[in-house]
Amino acid sequence: MRTLIANSNKSSSTVFRRVLLNFTILSTLLISLPGFAGILPGRSTDLVPNKIGLVVRPFDLKDVRLLDGPFKHAMEMDESYLLELRPDRLLSWYRREAGLPQKDSVYGGWESMGIAGHSLGHYLSACSMMYASTGNDSLKERVDYIVDQLAICQDANGNGYVAAIPGGKKVFEELIEGKIETKPFELNGVWVPWYTIHKELAGLLDANRYCSNSNALSVATKLADWAYETTKNLTDEQFQRMLACEQGGMNEALGELYARTGNEKYLKLAERFHMNAVLVPLEHRKDVLAGIHANTQIPKLIGLARLYELTGDTTYETGAKFFWNTVVKHHSYVIGGNSMNESFSPPDELNNLLEDNTCETCNTYNMLKLTQHLFEWEPSAAYADYYERALYNHILASQNPKTGMMCYYVSLKQGTEKEFSTPFNSFWCCVGTGMENHSKYGIGIYYHDANSIWVNLYIPSALTWEEKGIKLTQETEFPDSDEIHFTVNCAKPIKLSLRFRYPSWAVNGMFLRVNGTGIPVTGKPGSYPEVDRTWKDGDRIELRIPMSLRTESMPDNPDRVAICYGPIVLAGDLGELNDPTSKQFNFVPALLTSGHPVNDWVEPVAGKPLTFRTVKVGMPHDVTLEPFYEYYDRMYSVYWDILTGEQWNQRLLDQKADLDRQAAIEKVTIDFVQPGDDKSEQTHDMKGENTSSGEAFNRNWRHAYDGGWFSFAMKIERGGPDTLVCTYWGGDSGDRTFDILLNGRKIATQTLQNNSPGKFFDVRYPVPVDIANGTDNVSIKFVSRPDSTAGGVFGIRIIK
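Predicted model, so just to flag it, every value in this text is computed and none were measured.

*Asks:* Outline the overall build of the chain, supporting the account with residue identities and numerical values.
*Replies:* Of the regular secondary structure elements, the chain holds 21 helices and 34 strands. Over its C-alpha trace the chain gives a radius of gyration of 28 Å, about what one expects of a compact globule, namely 28 Å for 800 residues. Projected onto its principal axes, the C-alpha positions of the chain cover 95 × 70 × 55 Å. The burial tally for the chain puts 58% of its 800 residues in the buried class. Total accessible area on the chain is roughly 31000 Å²; 50% of this is exposed by carbon and sulfur atoms. The centroid of the 80 positive side-chain charges in the chain is displaced by 2 Å from the centroid of its 99 negative side-chain charges.

In structure tokens, the structure reads:
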């Protein structure tokens with residue numbers, strides 16, 4: 001259906017875009033007239049100016065220095081990690097693929113797999129931005145060294161290509177010949193090659209921007225020339241077929257390269273990296289996100305945003321804005337993250353999607369990049385409110401503050417823990433974006449137009465606006481304190497407007513004083529009160545934004561809530577990791593609030609900022625609540641069930657009934673496999689292709705995807721009658737129709753489509769008599785269909 005939509009709209013959409021483009025160019029000319037002052041062009045380093053005016057721009061990272069606080073600590077931990085990594089290990093397979101001797105061994109994890117090289121791109125970006133954020137020359141030295149080495153590898157390849165992808169040369173040679181075989185994460189059998197190329201291009205562009213490395217732009221240009229030559233003869237149909245494999249933000253990187261160089265062919269290629277099946281519906285304000293891989297899409301929308309700036313094509317603007325609003329308002333959890341098992345849910349259906357694999361960190365990294373673009377077009381407090389929410393409660397929460405390691409997923413399962421990367425043997429995608437996340441906290445705190453500073457985030461920092469000769473220092477212990485102090489330093493008086501974000505959560509007002517004199521705050525939460533005056537050296541601004549408790553419920557269950565204080569999501573302390581009580585049914589308390597507001601049953605803990613305690617409502621016990629971003633070595637829960645006393649008693653009865661049923665079925669069990677458990681799977685000779693496993697709701701699972709399968713060898717009782725019993729999670733949905741085979745014979749086709757929301761359920765399949773008569777063992781195989789998933793399967797047993 002999506003392909004049909006894309007094809008039917010292609011030609012008309014192109015004409016429509018060009019008409020709008022001409023109108024937008026005319027509008028762009030008008031913004032220079034009186035009355036349009038303060039609307040800004042693109043970066044001064046770009047050869048191609050934006051076709052649209054930007055209302056505000058962020059300050060460069062070099063203009064903002066963090067002061068002591070949790071964000072500076074996170075940045076320093078990240079800086080230490082960046083300096084601990086060895087560039088020659090990240091370059092190892094680049095040299096190998098270029099036919100050059102390796103200087104060091106490759107790192108482990110994803111860097112020794114088919115996506116090798118993606119981390120080097122992230123590393124280049126992270127080191128470049130960290131250099132801009134700190135001025136540490138050691139980081140620039142690494143950037144310059146890596147760029148030089150990439151140039152050497154590129155020269156050795158001889159055609160502009162430079163990558164570490166195993167089999168990369170072959171896949172692109174096949175592409176030139178028109179051979180295109182795609183899966184969501186494979187192109188001609190190779191893991192997401194364009195995705196990896198994008199990371200490298202982005203890293204080179206950041207090295208050029210933040211470290212003024214001209215050689216980086218040269219390498220990026222030659223690589224883009226190679227990409228153009230590789231794809232120039234593909235038909236539109238072939239190109240779209242190629243884009244069925246994840247390609248990251250190739251459209252963004254190529255658009256940015258066009259802005260830097262003025263070469264139109266990069267813009268042409270950027271616009272070809274337009275996956276019609278997803279982007280055309282979004283450009284027509286149609287939500288087609290349910291069930292599709294989340295982070296495959298978000299970089300494409302960042303690309304649309306950049307292309308809108310460069311072309312003025314309002315179709316791109318529509319797609320970017322609609323996507324942002326749809327994801328933030330209908331697909332996101334309380335921490336600002338989205339996705340479960342890396343996929344979008346149906347809109348406003350999150351209640352039954354609380355597992356270990358919620359909120360992939362890459363997604364929020366990219367959502368914040370998209371938010372920056374949208375804020376520059378329209379400085380709305382709604383964009384800044386989301387940015388603040390996601391920055392504190394997902395990005396900051398994704399780093400271990402003791403080790404600096406990163407989370408792939410930030411789990412919101414009720415009663416769980418955070419899992420962090422290892423320094424040298426993970427290199428997941430979210431390690432790459434994690435390196436970048438904590439290097440660029442200076443972005444987003446302050447924006448400016450021609451005569452104003454917009455203060456978006458209350459993070460201790462110092463801003464220097466050299467052009468205006470002014471320095472603004474922000475001192476605060478926010479969010480531990482609701483007071484923020486600003487000091488103005490300027491060589492001579494300057495007339496300037498300061499605009500302070502009045503957050504949407506600030507329901508108890510916002511209070512402002514300048515040099516000790518109260519200033520009436522106009523506006524309301526979700527606006528930007530303005531102080532416009534001539535500032536003198538030493539002027540002081542005092543801002544107070546009282547915070548308050550509130551609950552935020554699931555969109556599809558008002559009785560499952562998270563507890564927030566101001567912008568901060570609070571998590572409940574559930575004890576030490578690996579505590580045996582974590583497997584108990586009532587390990588996560590329910591809250592029996594009798595309908596009272598949150599201030600009646602949550603109170604602050606004296607002497608501990610941002611620490612609270614539930615009061616006589618927790619069953620079987622109350623809990624201590626602290627900022628979610630502070631959890632790294634404890635079990636926790638973010639979401640809580642609000643129950644009546646009757647519902648709590650029924651929950652206990654249901655637990656007893658489940659235990660009784662479990663005891664009864666175990667009495668007649670001949671054999672049992674726990675999918676996803678190493679020992680159990682090993683004992684039962686697990687085999688499979690395109691299969692993976694994980695944990696959810698304190699149970700392990702396994703599934704297969706995109707035509708994959710998995711199988712186990714199990715005992716049966718000769719002569720029977722025997723029954724195969726499989727356990728599934730009742731909230732699973734999407735494309736989950738699969739076949740079940742016994743000794744190669746299909747005995748059932750199972751579809752999982754929200755069969756039993758919120759709980760596990762069993763399905764029984766009789767073992768055919770002729771199979772039971774002939775053997776004591778049987779092979780049980782689960783087979784997914786193309787573009788579908790088999791499972792997850794949480795338990796497999798043979799019973800009498």
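*Asks:* Can you break down the sheet that holds strand 4 (residues 186-187) residue by residue, with the values?
*Replies:* Pairing is antiparallel across the open sheet formed by three strands, whose spatial order is 3-4-5. Looking at the sheet topology across the chains shown, the edges are occupied by strand 3 (182-183) and strand 5 (190-191). As paired strands, strand 4 and strand 5 are joined by two bridges and run antiparallel to one another. Bridge pairing links L187 to V190 in strand 5.

*Asks:* Explain helix 17 (residues 381-395) residue by residue, including any values.
*Replies:* Residues spaced three or four apart along an α-helix face the same direction, because each turn holds 3.6 residues. Compared with the 21 Å implied by 1.5 Å per residue over 15 residues, the 20 Å span of helix 17 between its first and last C-alpha is a close match. At the N-terminal end of helix 17, a side-chain oxygen is found 3.1 Å from the backbone nitrogen of A382, two or three residues along, and the residue is S380.

*Asks:* Tell me about the environment of D671, and name the residues and values.
*Replies:* Among the secondary structure elements, D671 is positioned in strand 26 (residues 669-673). Residues D671 and I796, spaced 125 residues apart in sequence, show a C-alpha to C-alpha distance of 8.4 Å. Not counting chain neighbours up to four residues away, the residues in contact with D671 comprise H684, A713, M714, K715, I796, R797 and I798. A distance of 3.0 Å separates the side chain of D671 from the backbone nitrogen of K715, its partner in a polar contact.

*Asks:* Please set out the nonpolar core residue by residue, giving values where relevant.
*Replies:* Counting 218 residues, the largest nonpolar core has W194, I197 and F500 as the members making the most contacts within it. Counting residues in each nonpolar core, the second largest holds 27 residues, with F712, Y728, F738 and V763 among its members.

*Asks:* Describe the pattern of salt bridges, naming the residues involved and giving the relevant values.
*Replies:* Under the defined criterion, the tally for this structure stands at 40 salt bridges. A salt bridge links E309 to R306; the shortest N-O distance between them is 2.9 Å. Note that E309 and R306 are positioned in helix 14 (residues 294-311) at a spacing of three residues, about one turn of the helix. Given a relative accessible area of 4%, R306 falls into the buried group.

*Asks:* So what about the packing of helix 8 (residues 193-211) against helix 9 (residues 214-231)? Which residues, and what values?
*Replies:* Viewed as axis vectors pointing N to C, helix 8 and helix 9 meet at an angle of 150°, and their least axial separation amounts to 7 Å. The angle between the axes of helix 8 and helix 9 places the two elements in the roughly antiparallel class. The handedness of the crossing between helix 8 and helix 9 comes out as left-handed. Residues W194, I197, E200, L201, L204, L205, A207 and N208 of helix 8 touch helix 9, and the partners they reach there are S214, A216, L217, V219, A220, L223, W226, A227 and T231. Of the residues that constitute the contact of helix 8 with helix 9, the class distribution is 13 nonpolar, three polar and one charged.

*Asks:* Requested: an account of the packing of aromatic side chains, with residues and values cited.
*Replies:* For any two aromatic rings, the description comes down to two numbers: the centre-to-centre distance and the angle of the planes. Across all of its chains, the model carries 37 aromatic pairs by this definition. Their ring planes at 70° and their centres at 4.8 Å tell us that F71 and Y441 sit as a pair that is edge-to-face. A residue pair is termed long-range when its members are at least 10 positions apart, and F71 in helix 2 (residues 70-84) and Y441 in the loop between helix 18 (429-437) and strand 6 (446-448) qualify at 370 residues. By the burial criterion, F71 is buried, and Y441 matches it. Geometrically, the ring pair formed by F628 and Y636 is edge-to-face, given 5.1 Å between the ring centres and 65° between the ring planes. Looking at F628, the relative accessible area reads 0%, which means it is buried. Overall, Y636 belongs to the buried group, its relative accessible area being 1%. An aromatic cluster of at least three residues, connected via ring pairs, comprises F71, Y392, Y441, Y458, F478, W505 and Y629. We note K199 situated over the ring of Y195; from NZ or CZ to the ring centre the distance is 4.4 Å. Directly above the aromatic system of W535 lies the positively charged group of R533, at a separation of 5.0 Å from the ring centroid.

Cut-offs used in this document
Residues numbered from 1 in each chain as written. Predicted model: local features only at pLDDT ≥ 70, side-chain atom pairs only at ≥ 80, totals over all residues. Heavy atoms only, no water. Helix = DSSP H or I, 4+ residues; strand = E, 2+ residues; numbered from the N terminus. Rg over C-alpha atoms; globule rule 2.2 N^0.38 Å. Buried < 20%, exposed > 50% of the residue type's maximum accessible area, 1.4 Å probe, protein only. Areas by Shrake-Rupley, 256 points an atom, 1.4 Å probe, with all protein chains shown as cover. Lys, Arg positive; Asp, Glu negative; His and termini not counted. Charge placed at Lys NZ, Arg CZ, Asp CG, Glu CD. Pairing = 2+ DSSP bridges. Expected span 1.5 Å × (residues − 1). Polar contact = N/O pair within 3.5 Å; in protein donor to acceptor, adjacent residues only side chain to side chain. Contact = heavy atoms within 4.5 Å. Core = buried A, V, L, I, M, F, W, Y, C linked by side-chain atoms within 4.5 Å. Salt bridge = Lys/Arg side-chain N within 4 Å of Asp/Glu carboxyl O. Axes fitted to C-alpha atoms, helices over the stretch in contact; angles between N-to-C directions. Parallel < 35°, antiparallel > 145°, perpendicular 65-115°, else oblique. Left-handed = near helix turned anticlockwise from the far one by under 90°. Nonpolar A, V, L, I, M, F, W, Y, C, P; charged D, E, K, R; others polar. Phe/Tyr/Trp six-rings, centres within 6.5 Å; stacked < 30°, edge-to-face > 60°. Lys NZ or Arg CZ within 6 Å of the ring centre and 35° of its normal.

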